[in-house]
Amino acid sequence: MKAFSTLFFILGFVAIGMSQTDIPKTQPLKIGPKPTLDIKASPQQGNALRMPSVIDMSKTPNLKDSLMARNIQMLPDKELRQAGYDLKIDPKVGEREKGNSKEHYGDMYLGDIKTTSKFVGIVCRDHEYVDGDRVKIYANEQVIDPNILLTGSFKGVNLTLEKGFNRLDFEALNQGTSGPNTAQVDVYDDMGKLIYSNKWLLSTGSKASLIIVKE
């Protein structure tokens, strides 16, 4: 019985020792002084990342883009033109569609001019549709050019003037591919100055006459 009591005492002592080793040891938490944050420190110091401000209210944003910056000007109402205001209509279109015009264009008097020039330059051209019109030119009933083909460029002759009246006649040799025979005639003095300009419409065989008076 004594031996049993001794064994029980020893086992109890060992159990108490083992239970004490399972209890974790704790240490008091030490809290140091509150750190001071320098909120006024410049972010550009040290290794701070320099980022531009995306919201800078100190500057007025420029909302104009490349299109807004262009100088766009609208025409006032008084400068607006009707559509087709500069459209040039060929007066011979209808005649070409129907064939040669049967309307007769007789002789024309183109008027008279005065000049002190010793000679004049007489040129003419087809001012409308170039269709092969040809003319014969007379001066005082004498042929000075028997056959001029009228094109888009001026062609002509120089004429020495007689004292007083000088009569020029332009006879239509044909009406081209579409009548009538059409032309613009210009007259220049001996200084190269334009002193006369006119136009004619002639049927074949008709004449346009101009009087030049040398003073």
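Above: the structure in question.
Now for a description of the structure that goes with this document. The model shown is predicted, which means the values in this text are computed figures rather than measured ones. (Residues numbered from 1 in each chain as written. Predicted model: local features only at pLDDT ≥ 70, side-chain atom pairs only at ≥ 80, totals over all residues. Heavy atoms only, no water.)

## With respect to the side chain of Glu171
If you trace the backbone, Glu171 turns up in strand 6 (residues 164-172). Although Glu171 is buried, it makes no salt bridge; Lys136 carries the closest opposite charge, 4.6 Å away. There is a polar contact of 2.7 Å between the side chain of Glu171 and the side chain of Tyr138. Once residues lying within four places of it in the same chain are set aside, the contact partners of Glu171 are Arg134, Val135, Lys136, Tyr138, Gly205, Ser206 and Lys207. (Helix = DSSP H or I, 4+ residues; strand = E, 2+ residues; numbered from the N terminus. Buried < 20%, exposed > 50% of the residue type's maximum accessible area, 1.4 Å probe, protein only. Lys, Arg positive; Asp, Glu negative; His and termini not counted. Salt bridge = Lys/Arg side-chain N within 4 Å of Asp/Glu carboxyl O. Polar contact = N/O pair within 3.5 Å; in protein donor to acceptor, adjacent residues only side chain to side chain. Contact = heavy atoms within 4.5 Å.)

## Regarding the side chain of Lys214
Relative to the helices and strands, Lys214 resides in strand 9 (residues 207-214). An unpaired buried charge is present at Lys214: no salt bridge exists, and Asp190, the closest side chain of opposite charge, is 8.0 Å distant. Once residues within four sequence positions are removed from consideration, Lys214 is found in contact with Thr115, Ser117, Lys118, Leu161, Glu162, Lys163, Gly164 and Asn166.

## Concerning unusual backbone geometry
Geometrically, the link from Gly179 to Pro180 is a cis peptide bond, its omega value of 0 degrees lying close to zero. With respect to the element layout, Pro180 can be found in the loop between strand 6 and strand 7 (181-188). One non-glycine residue, Asn140, adopts positive backbone phi at about 55 degrees. Counting through the fold element by element, Asn140 comes out in the loop between strand 3 (134-139) and strand 4 (142-149). Owing to a relative accessible area of 28%, Asn140 belongs among the partly exposed residues under this scheme.

## Quick look at the sheet that holds strand 3
Taken in spatial order, the 5 strands line up as 1-9-6-3-4 in an open sheet, and their pairing is mixed. Single-partner strands in this sheet number two, and they are strand 1 (108-115) and strand 4. Between one strand and the next, the sheet's axes are offset by a mean angle of 15 degrees, whatever the strand orientation. Bridge count for strand 3 against strand 4 is 5 bridges, and the pairing is antiparallel. (Pairing = 2+ DSSP bridges. Axes fitted to C-alpha atoms, helices over the stretch in contact; angles between N-to-C directions.)

## Concerning the sheet that holds strand 5 (residues 155-160)
Strand order in this open sheet of 4 strands is 5-2-7-8, and the pairing throughout is antiparallel. Single-partner strands in this sheet number two, and they are strand 5 and strand 8 (194-202). Within this sheet the neighbouring strands show an average axis-to-axis angle of 20 degrees, counted without direction. Strand direction decides the pairing type here: strand 2 (residues 119-125) and strand 7, joined by 5 bridges, are antiparallel. Each bridged residue has a counterpart across the sheet, and for Arg125 the counterpart in strand 7 is Gln184.

## Digging into the nonpolar core
Within the largest apolar cluster, 24 residues are counted, with the highest numbers of intra-cluster contacts made by Leu110, Leu168, Phe170, Val185, Trp200 and Ile212. Mapped onto this core, the elements with two or more residues apiece are strand 1, strand 2, strand 3, strand 6, strand 7, strand 8 and strand 9. Residues within four places of Ile212 in sequence aside, it is in contact with Ile113, Thr115, Val120, Leu161, Gly164, Phe165, Asn166, Leu168 and Val187. (Core = buried A, V, L, I, M, F, W, Y, C linked by side-chain atoms within 4.5 Å.)

## Focus on the pattern of salt bridges
Under the defined criterion, the tally for this structure stands at 1 salt bridge. The residue Asp169 makes a salt bridge to Arg167 at a minimum N-O spacing of 3.0 Å. In this structure Arg167 comes out as partly exposed when scored by relative accessible area, which is 43%.

The quantities given are spatial measurements derived from coordinates; they are silent on function.
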